[in-house]
Amino acid sequence: MKVFILIAAFLFSNLMISAAETKIMIRAKARDAKFIGSSLGGAHIIVRNKLNQQILAEGNTVGSTGNTDLIMKNPKIRGNSIADAQTAGFLASVDIDEPTFVNIEVISPLNNKQAQAMVSTELWLIPGKHILGDGIVLEIPGFIIDILKPRTHQYIPLNTIKDKPFTFQANIVMMCGCVIDKNGIWNSDEIEVKGILKKDGKFMKNVELSLVSTNLFEGNTVINTAGNYELILYAYYEKSGNTGVDKINYVVIE
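Residues numbered from 1 in each chain as written. Predicted model: local features only at pLDDT ≥ 70, side-chain atom pairs only at ≥ 80, totals over all residues. Heavy atoms only, no water.

K.L.:
Can you walk me through the sheet that holds strand 14 (residues 216–222) in this structure?
P.N.:
Consider a sheet: its strands pair through backbone hydrogen bonds, and that pairing is either parallel or antiparallel. Read from one edge to the other, the open sheet built from four strands follows the order 8-10-14-13, with strand pairing classed as antiparallel. Each end of this open sheet is capped by a strand with a single partner; those strands are strand 8 (143–149) and strand 13 (210–213). Adjacent strand axes in the sheet meet at a mean angle of 35 degrees when their direction is disregarded. Sheet topology places strand 10 (residues 165–174) next to strand 14; seven bridges connect them, and they run antiparallel. Bridge pairing links Gln169 to Glu218 in strand 14. (Pairing = 2+ DSSP bridges. Helix = DSSP H or I, 4+ residues; strand = E, 2+ residues; numbered from the N terminus. Axes fitted to C-alpha atoms, helices over the stretch in contact; angles between N-to-C directions.)

K.L.:
I tried to follow the nonpolar core on my own but got confused; where do I start?
P.N.:
Within soluble globular proteins, side chains that are nonpolar tend to cluster in buried spots. Residues Ile26, Ile104, Val106, Phe143, Ile172, Leu233 and Tyr250 are the most contacted members of the largest nonpolar core, which totals 58 residues. At six residues, strand 10 tops the list of elements feeding residues into this core. Residue contacts for Tyr250: discarding those within four places in its chain leaves Pro150, Arg151, His153, Gln154, Ile156, Phe166, Phe168, Leu197, Ile223, Gly227, Asn228 and Tyr229. (Core = buried A, V, L, I, M, F, W, Y, C linked by side-chain atoms within 4.5 Å. Buried < 20%, exposed > 50% of the residue type's maximum accessible area, 1.4 Å probe, protein only. Contact = heavy atoms within 4.5 Å.)

Shown next, in the form of structure tokens:
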């Protein structure tokens, strides 16, 4: 029995000695934009052992959205980093004693549920062989859209809006929180923003929205009948394939 215990202790000690800390820098980058960091609440990262789904590391990206010139303006050259010391990321640290196949899952933006997307990748981790620098970069497509007017389930008396322009308003940003502006890096003139208006479940009309100030889009139409209304508002940028949607319901009463 003592021999068995000694052998087990020896094997366990060898296992502990052979386990090696392995570091992986993981970043979430908005498609056609910058990195997702603290200013947006971060992206949530989960590293799992693919074989048994055990979570090896978990946390949020922290840091800045990165250097605009480096990411968006400078020509990309192989081997050159687009991240600096302040750029948002999550440094995962796992202890493994043999090559381990892992799944890396990114959920972002963490605090904007209607725009939230999950992307993932898989790779082998080798004990003690760190993946640092830019690290593993996962791309998050889309726009974050928040309808501001009308409000969710707002009751609006018909006599207050009849035969008057009824305003729709939405805040739209890139998935990193980067600003959309006229003639900016993310040019509002190149982004189609449209509302699909329904009444009592049936299509009523399309409403065009345009930029009125940084990130803020506005459009209007005339509503002359009471009913249950739904607005489906989307943004679409053909060059990058980025899309985004928000929906809202409101009620016009007699």
